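Results of the structural survey
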Amino acid sequence: MTDLLLGQVIRFDGDPFRDGPGAARPLSQGAVAIENGRIAAVGEAAALRARYPRARVHDHGQKLISAGFVDAHVHYPQTAIIASWGKRLIDWLNSYTFPEEMRFSDPAYAQEIANRYLDLVLARGTTTVSTYATIHPASVDAIFTAAQSRGMRLFAGKTCMDRNAPEGLRDTAGSAYDDSKRLLEKWHGVDRLSYVITPRFSPTSTPEQLHALGQLWREYPDCLMQTHLSEQTDEIAWVRSLFPQSRDYLDTYEAQGLLREGAVYGHAIHLTDRERARLVEAGASLVHCPTSNTFIGSGLFDMGLATRLRVGLATDTGGGSNFSMLRTMAAAYEVAQLRGQSLHPSQLWWLATQGSARALHAEDRIGNIAPGMEADLVVIDLASTPAIEQATRRAGDLWQELFPTIMMGDDRAVAEVWVNGRRLPT
Ligand code: GUN
Ligand code: ZN
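Computed from a predicted structure; not experimentally measured. Counting of residues starts from 1 at the beginning of each chain's written sequence and follows it residue by residue. Chains and ligands are labelled by the order in which they are written, letters from A for the one and numbers from 1 for the other. The predicted nature of this model means local features are confined to residues of pLDDT at least 70 and side-chain atom pairs, given and counted, to a pLDDT of 80 or more, with totals for whole chains, interfaces and linings taken over all residues. The basis for every side-chain value is the complete set of non-hydrogen atoms in the structure, without hydrogens or water.

Along the chain, Ile 269 turns up in the loop between strand S11 (263–267) and helix H10 (273–282). For the pair Ile 269 and Ile 90, spaced 179 residues apart in sequence, the C-alpha separation works out to 16 Å. Only runs of H or I of at least four residues qualify as helices and only runs of E of at least two qualify as strands under DSSP, and these elements are numbered from the N terminus.

Bringing the domain arrangement of the chain into the picture now. Here the chain is described as being made up of domain 1 (3–67 + 368–423) and domain 2 (69–359). Placing the centre of domain 1 and that of domain 2 at their C-alpha centroids yields a distance of 29 Å. By definition in these notes, contact holds between two residues if any of their heavy atoms fall within 4.5 Å. Tallying the contact residues gives 32 residues for domain 1 and 33 residues for domain 2. Buried area between domain 1 and domain 2, summed over both chains or domains, comes out near 2,800 Å², and the portion from carbon and sulfur atoms is 68%. Note on definitions: salt bridges are taken to be side-chain nitrogens of Lys or Arg within 4 Å of carboxyl oxygens of Asp or Glu. The tally of links between domain 1 and domain 2 comes to 5 salt bridges. Notably, a salt bridge pairs Asp 411 with Arg 124, separated by 4.0 Å at the nearest N-O pair. If you list the elements that add at least two residues to the side of domain 1 that touches domain 2, you get helix H1 (16–19), strand S4 (56–67), strand S14 (377–380), helix H15 (398–408) and strand S15 (414–419). Here the side of domain 1 that touches domain 2 takes 6 residues from H15, the largest share from any one element. When the residues that make up the side of domain 1 that touches domain 2 are grouped by side-chain class, the tally is 20 nonpolar, 6 polar and 6 charged. Where each domain begins and ends is defined by an automated method or by a domain database. Put simply, buried area is how much 1.4 Å-probe accessible surface two parts lose in total, over both of them, once they are put together. Nonpolar residues are Ala, Val, Leu, Ile, Met, Phe, Trp, Tyr, Cys and Pro. Charged residues are Asp, Glu, Lys and Arg, and all others, Gly as well, are polar.

A few words on the sheet that holds S4. Strands sit in the order S3-S2-S1-S4-S14-S15-S16 across an open sheet of 7 strands; the sheet is mixed. Every interior strand has two partners, whereas the edge strands, strand S3 (38–44) and strand S16 (422–423), have only one. Two elements, S4 and S14, share 4 bridges in a ladder whose sense is antiparallel. When the bridges of S14 are listed, Ala 67 appears paired with Leu 377. Only strands that DSSP links by at least two bridges are regarded as paired with each other.

UniProt positions are given in the numbering used here, feature names are shortened, and annotations may be inferred rather than shown by experiment. In this structure's numbering, the residues bearing the UniProt feature "domain: Amidohydrolase-related" (unreviewed entry) are residues 65–423. This span, residues 65–423, is 42% helix and 17% strand, and a straight line between its end C-alpha atoms measures 13 Å.

Looking along the chain, the bond that leaves Thr 317 and enters Gly 318 is cis, with omega of 0°. Examined against the element boundaries, Gly 318 turns out to sit in the loop between strand S13 (310–313) and helix H12 (325–338). Located in the positive-phi region is His 361, a residue other than glycine, with phi close to 55°. As for its position among the elements, His 361 is in the loop between helix H13 (345–359) and S14. Exposure classes here rest on a 1.4 Å probe applied to the protein chains alone. A residue is buried below 20% of its type maximum, exposed above 50%, and partly exposed in between. You can call His 361 partly exposed: its relative accessible area is 24%. Within the chain, Asn 420 stands out as a residue other than glycine whose phi angle is a positive 55°. Structurally, Asn 420 can be placed in the loop between S15 and S16. Assessed through its relative accessible area of 30%, Asn 420 is described here as partly exposed.

Before going further, it helps to examine the packing of aromatic side chains. Between rings of Phe, Tyr and Trp, where Trp is taken as its six-membered ring, a pair exists when centres lie within 6.5 Å; planes separated by under 30 degrees are stacked, by over 60 edge-to-face, and by other angles tilted. According to the stated counting rule, one finds 10 aromatic pairs in the structure shown. An aromatic cluster of at least three residues, connected via ring pairs, comprises Tyr 76, Phe 104, Tyr 109, Tyr 117 and Phe 323. In this structure, Arg 103 is placed above the aromatic ring of Tyr 109, and the distance from its NZ or CZ to the ring centre is 4.6 Å. The residue whose ring lies beneath Arg 260 is Trp 217, and the NZ or CZ to ring-centre distance is 3.8 Å. Criterion for a charge above a ring: Lys NZ or Arg CZ within 6 Å of the ring centre, and within 35 degrees of the ring normal.

All right, on to the site of ligand 1 then. Any residue with at least one heavy atom within 4 Å of a molecule or strand is counted as near it. Ligand 1 sits among 13 residues. The nearest are His 75, Gln 78, Arg 200, Glu 231 and Asp 316. Under this definition, polar contacts are N or O atom pairs within 3.5 Å; protein pairs additionally need one hydrogen-donor-capable and one acceptor-capable atom, and for neighbouring residues in sequence, both atoms have to be side-chain atoms. One of the side-chain N or O atoms of Gln 78 is found 2.9 Å from an oxygen atom in ligand 1. Contact with the protein chains hides 100% of the accessible area of ligand 1, taken as 280 Å² for the molecule alone. At 3 residues, helix H3 (residues 89–102) tops the list of elements feeding residues into the shell around ligand 1. In terms of residue class, the shell around ligand 1 is made up of 5 nonpolar, 5 polar and 3 charged. Exposure was quantified through the Shrake-Rupley algorithm and a 1.4 Å probe, taking into account, for residues, occlusion by the shown protein chains and nothing else.

Here it is, written out as structure tokens:
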């Protein structure tokens, strides 16, 4: 059976950071054909109607059909502590995050939050995330099980910490290696699931633990590795005192085999020239988490890097203050404004879809609408509230029509979500 979605379609031929807004090729009366979980065709509505006369037609009028959003850095275990008041990174971790992550020693609680989290993000049009679990292996099983039952493509890994975390939230170099390897062999490549080797960040891992995870990555080179880098200046000073022999923060990872293509670093705000040059040379990915960076008071990411390496966009739930990639695009726009870097709506939309997919090395499968790609789609109502609707009335093109939804849209803008070629119940 073919499903044929009609509406405005947004898709990309290139990268708007390198190629300009022309990298987007919108269709004002477009169509997307879905067969067997994949995109079979995209084109003009009239042509695709003629080509698929027996298709089940879903006419969305002037709504926008897009690839589902890809959130490249989240902590699903922090779902229940999102929007916790009044702290900066290190005391935020100690006051809110670690006590909550302790509760994941109970597999039933982990399963409850995993299900709650995925339902929250799917309702906001996010169809793939890359998430940190907690140190508990059952927290990885919980999120992969929840994603598998929803047919989602999802990246996750056990968070490894063997120091500077409370009793009950620490593993060891050896157990981090063993547990990560067991989970990787259990889940990596099963259905649409990918295991990600996940040291939390250098302050909570000894060099021995980073080394053990570097060894594991050498054994499974097609996995991604995710961690945090240079988010806050206090954190960087702490890393300097913990690793006196390292040249800089990035070197604490590089020295242990945790820097190469497939490394995905969250935040990466306060970088030295050497770090920037090495990240580019190594082909690493960076993930911009703008609502987190303003909420925790970390700093302003340099979007100029997007022309030099893979940059994705993320909520960083629950350091980030919102589950929605629309709100995250708005924050990315605002952060860029503060740096004098004006982002075009096509760049914002690309970051939340194809850019994030590229940061996760999954751009040939998700994050765009093209024949053969997996059918993860979101249908966006560009007039979802009276305030947004009145702001679109003078729009002369799709970008002007879309921008009020980027800035003011929320879950009410998400009309329909498709995962793996199946429409979610609304
Ligand atoms: N650095 C290390 N762990 C975390 C975390 O959970 N959230 C954020 N924002 N930064 C971190
Ligand atoms: Zn994070």
